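Architecture at a glance
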Amino acid sequence: MFSGYFISIEGGEGAGKTSAIRMIENDLQHKGHTVISTREPGGIPIAEQIRNVILDTSNTEMDARTEALLYAAARRQHLTQKVIPSLQAGSVVLCDRFVDSSLAYQGYARGLGMDEVWRINEFAIEGAMPNLTLWLDVSPEVGLSRIHADGNRELNRLDLEKQEFHQKVQEGYRKLLIQFPDRIVRIDADGDIQSIHTRIKDVLDERMNRLSNTNYTKL
């Protein structure tokens, strides 16, 4: 049993997750919460090394199954070394991506199968799923245009995929929303930042008051 809250933030490329996490962190800290912000893949040295391999733009020959396994490996180390200890200490953990990303990207968009990718991750996470997942739903056109306009953003291998791939990612997230409506909340991320952040704050105000410390979702 964990005494903290686990919140993941999901979305396609250019959804604005980094900005949203920064806003959520500030808002929750002002309300007296201890907040740990982290990301996947990454968050700790070992997982960051795996991230460099996964997202290296020169690794265009990477097999889809290899990609899925690397994500799961990074996730396992990150979970045991950072996420779970933070939850046990009573912190709110904000994670930029978690298992849903693997299900949408590798499971659905890469065509590996969401059930197959889930089985890999089920072994890795041992049932530790977020209490709440905020899906920033951005259309591929809007998301990719934001990426190209942001000269400071990290360009990664996924940014090189064709628009059809990102459309499949969005479809994958839609399927997850239907499957897990109690855990996943859709946020329309096509609009301006202020509207997006206002919607997120409303959701957090509503959901965190009724989240149970033992309400961990399993597929």
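Below or above, wherever it landed, is the structure these notes cover.

The rules behind these values
Residues numbered from 1 in each chain as written. Predicted model: local features only at pLDDT ≥ 70, side-chain atom pairs only at ≥ 80, totals over all residues. Heavy atoms only, no water. Axes fitted to C-alpha atoms, helices over the stretch in contact; angles between N-to-C directions. Helix = DSSP H or I, 4+ residues; strand = E, 2+ residues; numbered from the N terminus. Parallel < 35°, antiparallel > 145°, perpendicular 65-115°, else oblique. Left-handed = near helix turned anticlockwise from the far one by under 90°. Contact = heavy atoms within 4.5 Å. Nonpolar A, V, L, I, M, F, W, Y, C, P; charged D, E, K, R; others polar. Core = buried A, V, L, I, M, F, W, Y, C linked by side-chain atoms within 4.5 Å. Buried < 20%, exposed > 50% of the residue type's maximum accessible area, 1.4 Å probe, protein only. Phe/Tyr/Trp six-rings, centres within 6.5 Å; stacked < 30°, edge-to-face > 60°. Lys NZ or Arg CZ within 6 Å of the ring centre and 35° of its normal. Pairing = 2+ DSSP bridges.

It is the contact of helix α3 (residues 64-88) with helix α5 (residues 114-125), at a shortest axis distance of 9 Å, that shows an interaxial angle of 20°. It follows that α3 is roughly parallel to α5 by the angle criterion. The chirality of how α3 crosses α5 is right-handed. In this structure, α3 contributes A68, L69, A72, R75, R76 and L79 to the contact, and α5 contributes I120, N121, A124 and I125. Its residues assigned to classes, the contact of α3 with α5 shows 7 nonpolar, 1 polar and 2 charged.

With that settled, the discussion passes to the nonpolar core. Judged by nonpolar contacts, the single largest core of 38 residues is most densely connected at I125 and L176. Of all the elements in the fold, those that place two or more residues in this core are α2 (45-55), α3, β3 (92-96), α4 (99-109), α5 and α7 (163-179). Per-element accounting of this core gives the leading share, 8 residues, to α3.

Below, the discussion takes up α4. In terms of burial, α4 is largely enclosed, as 10 of its 11 residues are buried. Among the residues of α4, V99, D100, S101, S102, L103, A104, Y105, Q106, G107 and A109 are the ones counted as buried. Those residues of α4 hidden inside the fold are in contact with β1 (5-11), α3, α5, β4 (132-137), α7 and β5 (184-188). G111 lies just past α4 and shows a positive phi near 80°.

All right, on to the packing of aromatic side chains then. Applying the stated criterion across every chain yields a total of 3 aromatic pairs. Pairing Y105 with F165 gives two aromatic rings, centres 6.0 Å apart and planes at 55°, and the pair type is tilted. Here the residue Y105 occupies a position in helix α4, and F165 occupies one in helix α7, the gap between them amounting to 60 residues. Each member of the pair, Y105 as well as F165, carries the same accessibility label: buried. When the centroid spacing of 5.7 Å and the interplanar angle of 25° are considered together, the rings of W135 and Y173 count as stacked. One end of the pair, W135, is in strand β4; the other, Y173, is in helix α7, and 38 residues separate them in sequence. A residue is classified by how much of its surface remains accessible, and W135, at 3% relative accessible area, is buried. For Y173, a relative accessible area of 3% corresponds to the buried category. One residue, R75, lies across the ring of F98, its end atom 5.5 Å from the ring centre. Above the plane of the ring of F180 lies R183, whose end atom (NZ or CZ) is 5.1 Å from the centre.

The strand order β2-β3-β1-β4-β5 describes an open sheet built from 5 strands, whose pairing is parallel. A strand with exactly one partner marks an edge of an open sheet, and here the two such strands are β2 (35-39) and β5. Averaged over all adjacent pairs, the angle separating strand axes in this sheet is 20°, with direction ignored. Taken strand by strand, helix α1 (residues 17-30) contacts β1, β2, β3 and β4, and its axis lies near 170° from that of β3. Lying on the sheet, α3 is in contact with β1, β2 and β3; it crosses β2 at an angle near 160°.

Let us now look at the environment of A74. By the secondary structure assignment, A74 is in helix α3. A relative accessible area of 1% means that A74 is categorised as buried. For A74, the residues in contact, after removing those within four places along its chain, are P41, A47 and I50.

Once that is clear, we can look at the pairing of β1. Of all the 7 residues making up β1, 7 are buried; the element is thus mostly covered by neighbouring parts of the structure. Burial along β1 is two-sided: Y5, I7, I9 and G11 and F6, S8 and E10, pointing in opposite directions, are all buried. Sheet topology note: the β1/β3 ladder contains 5 bridges and is parallel. The residue bridging I7 from the neighbouring strand is L94, located in β3.

Don't take any of this as a statement about function, it's just geometry.
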